[in-house]
Amino acid sequence: MTVLTDATRLEGWGPARIHEDADGLRVDWCHLGARRFTDPFFDQTLERRLRHPFALLFRHQTSMEELVARHAVRPGLPVRGLVFHMSRCGSTLVAQLLAALPRHIVLSEAGPVDTVLRSHLRRPDITEAQRIEWLRAVVGALGQRRHAEEEAVFLKLDAWHTLELPLLQRAFPGVPWLFLYRDPVEVMASHQNHRGAHMLPGLLEPTRLGVERESLEGMPLEEYGARVLARICEAGLRGYRERQAPARLLDYRQLQTEGTALLTDLFGVELTAEDTGRVREAAERDAKNPVVPFADDTEDKARRVSERSREMAERFLRPVYAALEAERLGSGTAR
């Protein structure tokens, strides 16, 4: 792997992975070429690009300091929207609606973003200011214009990044954001057979969940997952009540009817007739598997959820879900 020292030679490249070695955080770069971020997830686009011989054979590496220095002279396109969510609630569809328009760069759950946001967990000496600087640099590098029509970046975060909502608002002040959520039983059913990383002990610090590390021993996975989801929803609700920028709470049930309006009302996206057709086509496909049509699985999830998952959903998640709905409908404590 070539170690790159001249940041001007990074045109057409993007951060693929950030890792730590004896010298600090290092950035592995991938040549993106003309590949747009249109896949449901960032890693899928990266994998497609790495199948290209050039991207596979010629990979560069820089220090984090070099990435930050490059950002000072090449900040990238402006960030126009942030998408937070509790997981398994339609956020991938929102990302696909945005990515349907060629003028958008949509970064959906990008690994380098996650590494920066959680870097302080491995190295307590890393400050909040450093994380903000690194986050802006990573997003700026991935948000470089590689097609003439591109004009804005949208960042869809991982579910657990909602716990970092205040930091993300400081990193991108004034940028509109939304928090998506869904009926707790349906979300727990989705995680039942294929649990997300945050639904298993190890990814998140127990203190972020309001529990002691010792108490995790013997805790059923259903209870642990419900506690995690509850914390994420509480962070989304708290962020909405204390918001410093335009924000929206969105229930999964609204997506099919209000998804397009969301782009225009919250994110200020002006849709032409051609744009509307592209967005409609994206909405009619399965967001995580776009080759098949969308199918509502609400009834199926409610039918196959286990009794323990249902119990944990009602115990830990139902109250915050009700509070989110009350806030969304205007009967909560608005601030």
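Everything numeric in this text was worked out from a predicted model, so none of it was measured.

Asker: Looking at this structure, I do not really get the overall build of the protein chain. What am I missing?
Answerer: Looking only at helices and strands, the protein chain has 14 helices and nine strands in total. Here the protein chain has a C-alpha radius of gyration of 20 Å; the compact-globule value for 335 residues is 20 Å, and the two agree. Each principal axis of the C-alpha atoms in the protein chain carries an extent, and together these give about 55 × 55 × 40 Å. Expressed as a percentage of the 335 residues in the protein chain, the buried residues total 54%. Restricting to contacts in the protein chain with at least 6 residues of sequence separation, those with at least 24 account for 78%. When the accessible surface of the protein chain is summed, it comes to about 15200 Å², and 49% of that surface belongs to carbon and sulfur atoms.

Asker: Quick question: what am I supposed to make of empty space enclosed by the protein here?
Answerer: Over the atoms a probe the size of a water molecule is rolled, and this reveals where empty space is left. In this structure the tally under the stated criterion is one cavity of 30 Å³ or more. Counted as a void, the largest cavity has a volume near 110 Å³. Forming the boundary of the largest cavity are Leu-117, Arg-118, His-120, Leu-121, Trp-160, His-161, Leu-163, Glu-164, Leu-204, Glu-205 and Arg-208. Looking at the lining of the largest cavity, its residues break down into five nonpolar, two polar and four charged.

Asker: Where do I start with the packing of aromatic side chains in this structure?
Answerer: Aromatic ring pairs are reported here in terms of the distance separating the ring centres and the angle at which the planes meet. Applying the stated criterion across every chain yields a total of five aromatic pairs. Each ring, one from Phe-84 and one from Trp-177, has its centre 5.7 Å from the other, and the planes form 90°; the classification is edge-to-face. With a gap of 93 residues between them, Phe-84 in strand E5 (residues 79-85) and Trp-177 in strand E8 (residues 177-181) connect regions that are remote in the sequence. A relative accessible area of 0% places Trp-177 in the buried class. Between Phe-179 and Tyr-181 the ring centres are 6.3 Å apart and the planes differ by 20°, which places this aromatic pair in the stacked class. Each of the two residues, Phe-179 as well as Tyr-181, counts as buried. Every member of this aromatic cluster is reached through a ring pair, and the members are Phe-179, Tyr-181 and Tyr-321.

Conventions we followed
- Residues numbered from 1 in each chain as written.
- Predicted model: local features only at pLDDT ≥ 70, side-chain atom pairs only at ≥ 80, totals over all residues.
- Heavy atoms only, no water.
- Helix = DSSP H or I, 4+ residues; strand = E, 2+ residues; numbered from the N terminus.
- Rg over C-alpha atoms; globule rule 2.2 N^0.38 Å.
- Buried < 20%, exposed > 50% of the residue type's maximum accessible area, 1.4 Å probe, protein only.
- Contact = heavy atoms within 4.5 Å.
- Areas by Shrake-Rupley, 256 points an atom, 1.4 Å probe, with all protein chains shown as cover.
- 1 Å grid on protein atoms, 1.4 Å probe; cavity = no way out; pocket = protein on both sides within 12 Å on 5 of 7 lines; lining within 4 Å.
- Points joined across faces, edges and corners; volume = space filled by probe spheres on them.
- Nonpolar A, V, L, I, M, F, W, Y, C, P; charged D, E, K, R; others polar.
- Phe/Tyr/Trp six-rings, centres within 6.5 Å; stacked < 30°, edge-to-face > 60°.

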